[in-house]
Amino acid sequence: MRRLSCLLFPALYAATVPSVQAQKSVTRTADSVVVHMAIVPSSAEALLSQARATRLRVDSSLQSYDALSRERFTLTFALRGIGRERTLTRDERAGNVQWSRANGLRINLLGRRRESNSPFGGNTGPNNESAIPVPYFPGKEPLWGLGSSFVTTGDDANRPINPLAAGAESSYRYTLGDSLTIGLPDGSRIQLRELRATPLSGNWRVLSASLWFETATAQLVRAAYRYATPVDFLDQARRNPDPANRPPRWLGLIASPLRGTLEAVTVESGLFEGKYWLPRAQIADFRVDAPSESVVRGRLEQRFQYSTVNGTLDPVPPLPPATLALRDKSDSLWRVDSTFVFTRDSLLKLGSSKRDTVAAYAAYRMWEDSSWKPIRGQLDSLRKSQCAASGTYVRYRSRYGRRVPAEVSVPCDSVKLANAPIFSGDLMGQNAAVWGSNDRAALIASLASAMPLALSPQPIKFVSGLEFFRYNRIEGISLGGGLRQDLGPGLRWEAQARASFADRQLNGEVFVDRAVAGSSWRVSAYRRLVSADDYGAPFVLGASIQNLISGLDEHFYYRSAGLELSGVRNRSLGGGSLNWRVFAEHQSAGVAEAEWVVRRLWDKKAGFSQNIIDTLGGGTRGVFSGAAFRWRATRGDDASGWRLATDMRSEAAAGAVAYGRGALDLTIERRLPARLRAIATGSLGSSVGELPLQRFYNLGGWQTVRGYTSGTLRGNSFWMGRGELLYEGFRRLQPSLFVDQGFAGQRSDLFSGVRQLRSAGVGAAFFQGLFRLDAARSLDAGGKWRINSYASARF
């Protein structure tokens, strides 16, 4: 996961505007008043040129600072349409950073704590003791994540193009945006002006950026930016010049799609000594769309508090002789390393075959391993002796391209670091007092005016593999492929075709969609198999594998063919998502044809049950047109005493019959003493008009009332309750007890006390509910036990 975030951030790495009259508004904060003013006529090119020149002039006068540096890195995971986002890992660290022009960096690690629920291990996130973020040093790139120093546009296809770099005019159009005046507590005023960098193409290497400069000095005060288009990780990895680090071709069959989107980066600075704008808050949000409709979201946050700027720092104690000796050896090897890298790259440019490339990189790796191995051994030995003597070890580092010397002091006691007094609140809590930001939403909103200007079509790609594989009771094995082309900015088209073997059907879809900053829309024409259930994700790879092995396909299906306009709007890290669609389609039954499952090798009676929609008369065939909406949101976090999850959905259509249906799920979680957590879910849904059979509510199965087969009760209305008590005392396993109860049937019988489903059982949630194993028994007379395993619990 950390490698993905590094590729995304940072790879997570002109015109004159006439006078425009802006509306005046005033925003009051605790320490300042922000007054939006009319734009003053000026030149965007002049502001950009002044900003480049001012940067060097101001840097030359900065001598030192002392700052408290904090960083928090969070990853969450979710399957689309199934449950809430769950935290995979969170890492938080804090340290004291002192920089001086004479002595470089001194970093004292004050605290480090981490919690991981990831099934991939507990080392997700930054782990280097010298990785405490450094706010600034002369020559450091002010746009966070685009490198550690001023860069030019260059010809490196693996790096973004910095809009402030020399020569970036060939990739951006610069215009003046809004302006504002900040009123400071001492009565003085500072005027800011926005410079919008608008990409001329839709390549991922260019940014949509809103940059705010102080008009008097042209220093960058705040910024918001994001990549113009998502990043195709597999495509970028194939461009790696080192053949040993290129992914094999077969990986694209099982790991596609793997696309990363840098949703927003914001940088906010503060004024010090009346002269220096130094970063105070930096936040980056990104997401990775992975196979099986899974989504990984990440947030990297940094906060800086300065105690002195250009003040007097404590004297620097001399380094111990052993450390000096190792530093001299390391510096010597770094100089040789630079020579080797230069020689290697020169050979690669002259290389005439793949063999030349492989040989050059292989020779470099062999030299690197043999040369640095003794140094690493001596560093480990020095660390042990320092920990035994003082409880703290000191490392000498050269950071930021080996241009800034750094002395890093780290306490040896990891328990002490995790419980350091610098930390407040639970690691998995929001801790808004430390990490809150009032101005970030307004900064991100300003990006809407800096969208890419032109299309830049990329080559058409053929896509196939596990992305198009599925297995269910209707189709049996279903395989397909498609043609895909990115048009930029955020725009693409795709044509898919799919063949199923059991029912011998052809399906397909042609669509155009656009995704920008957490929201997307799509126009499509299709013929597809559709799940009739409100819960679950029947077409993801995990569901297909379970169907193939056990035959316990608990979904019902029908076919549809038509036109659709749909969209999604997401909020980052635990926020809400709105899915909507407007459609006109013909709906018909899907007849179950698949029979074979792996379980039949030892159980001759194993196999799929019938598709209820087919056995009840094929559903209501005909043409329907209408609209549907679904809103999901979560309040609270993993450390909250309370958490509320909401799932609200509605649909209305007319055609063969006219109907409307709506439902609401509310899930409340409460932390209890003794590491217990109580979870209660209440659901209610009903309809108006004549609800077609394929839009009935279904009850039974692991998604609703466990202990019964799916569809045991069906109808045009339903209610359901689920209760669970989990024990969270174990790191990766949470055992539980649960009870379920519900009813589905006619609207007139909704609360009449007719037959209801009741069950109870025991379960185990792995990695905070990413995977579940439940054993449930129906409470009817003669009830039997049912065991289900599945990914990502819905509630």
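Computed from a predicted model, the values in this text were never measured in an experiment.

Conventions adopted
- Residues numbered from 1 in each chain as written.
- Predicted model: local features only at pLDDT ≥ 70, side-chain atom pairs only at ≥ 80, totals over all residues.
- Heavy atoms only, no water.
- Helix = DSSP H or I, 4+ residues; strand = E, 2+ residues; numbered from the N terminus.
- Buried < 20%, exposed > 50% of the residue type's maximum accessible area, 1.4 Å probe, protein only.
- Disulfide = S-S within 2.5 Å.
- Pairing = 2+ DSSP bridges.
- Phe/Tyr/Trp six-rings, centres within 6.5 Å; stacked < 30°, edge-to-face > 60°.
- Lys NZ or Arg CZ within 6 Å of the ring centre and 35° of its normal.
- Core = buried A, V, L, I, M, F, W, Y, C linked by side-chain atoms within 4.5 Å.
- Contact = heavy atoms within 4.5 Å.
- Salt bridge = Lys/Arg side-chain N within 4 Å of Asp/Glu carboxyl O.
- pLDDT = per-residue confidence, 0-100.

## Focus on the overall build of the protein chain
What the protein chain contains, in helices and strands, is 11 helices and 36 strands. Counting all 795 residues of the protein chain, 52% fall into the buried class.

## Overview of unusual backbone geometry
The general pattern is negative phi for most residues beyond glycine and trans for most peptide bonds. Of note in the backbone geometry, N310 takes a positive phi value of approximately 60 degrees without being a glycine. Position of N310 relative to the elements: it lies in the loop between β15 (294-309) and α5 (321-350). Its identity is not glycine, yet R675 carries a phi of approximately 60 degrees, on the positive side. Looking at the secondary structure, you find R675 in the loop between β28 (659-672) and β29 (676-689).

## Things to note about the state of the cysteines
Inspection of every chain in the model, using the stated rule, returns 1 disulfide. Two residues, C387 and C412, share a disulfide whose sulfurs are 1.9 Å apart. Disulfide C387-C412: the torsion about the S-S bond is -90 degrees, which places it as left-handed. Placement of the pair is C387 in helix α6 (residues 354-390) and C412 in the loop between β17 (404-411) and α7 (414-418), with a sequence separation of 25 residues. Among the residues examined, C387 registers a relative accessible area of 23% and is labelled partly exposed. On the basis of relative accessibility, which here comes to 27%, the residue C412 falls in the partly exposed class.

## Comments concerning the pairing of strand β11 (residues 220-227)
Burial within β11 is extensive, with 8 of its 8 residues counted as buried. Linking strand β10 (residues 207-214) back to β11 in an antiparallel pair, the connection comprises 5 residues, with A218 at a positive phi of about 60 degrees. For β11 and strand β13 (residues 259-272), the ladder comprises 4 bridges, and the chain directions are antiparallel. Looking across to β13, one finds that A223 is bridged to V267.

## As for the packing of aromatic side chains
Tallied over the full model, the rule gives 9 aromatic pairs. Seen in terms of ring centroids, Y697 and F718 are 4.9 Å apart; in terms of plane orientation they differ by 35 degrees. Their pairing is tilted. Remark: F718 occurs in strand β32 (residues 717-727) and Y697 occurs in strand β30 (residues 697-699); sequence separation between them is 21 residues. Of the two residues, Y697 and F718, neither departs from the other in class, the shared state being buried. Pairwise contacts between aromatic rings join Y65, W99, F272 and Y306 into one cluster. Between R714 and the ring centre of F556, over which it is positioned, the NZ or CZ distance is 6.0 Å.

## With respect to the nonpolar core
Membership of the largest hydrophobic core comes to 46 residues, with the highest contact counts inside it found for Y172, Y174, L195, L211, F213 and Y225. Among all residues touching Y225, those that are not within four sequence positions of it are L143, W144, L207, S208, A209, A264, V265, V267 and L447. The next biggest cluster of nonpolar side chains, apart from the first, holds 26 residues, and it includes V97, Y136, F137 and V404.

## Re the pattern of salt bridges
Counted according to the given criterion, the structure contains 41 salt bridges. A salt bridge links R299 to D285, with the nearest nitrogen and oxygen atoms 2.6 Å apart. In this pair, R299 sits in strand β15 while D285 sits in strand β14 (residues 276-290), placing the two residues 14 residues apart along the sequence. Accessibility expressed as a relative area gives 18% for R299, which makes it buried. Accessibility expressed as a relative area gives 3% for D285, which makes it buried. A salt bridge links R395 to D380, with the shortest nitrogen-to-oxygen separation between them at 3.9 Å.

## Quick look at the confidence of the model for the protein chain
Considering every residue of the protein chain, the mean pLDDT works out to 80; 84% of them sit at 70 or more. For the protein chain, strand β1 (residues 16-17) is the element with the lowest average pLDDT, namely 28, and β32 is the one with the highest, namely 95. Low confidence marks residues 122-127, where pLDDT is under 50. Its contacts with residues over four positions away, or in another chain, come to 22 contacts. Throughout residues 149-154 the model reports pLDDT below 50, and contacts reaching past four residues in sequence, or to other chains, amount to 22 contacts.

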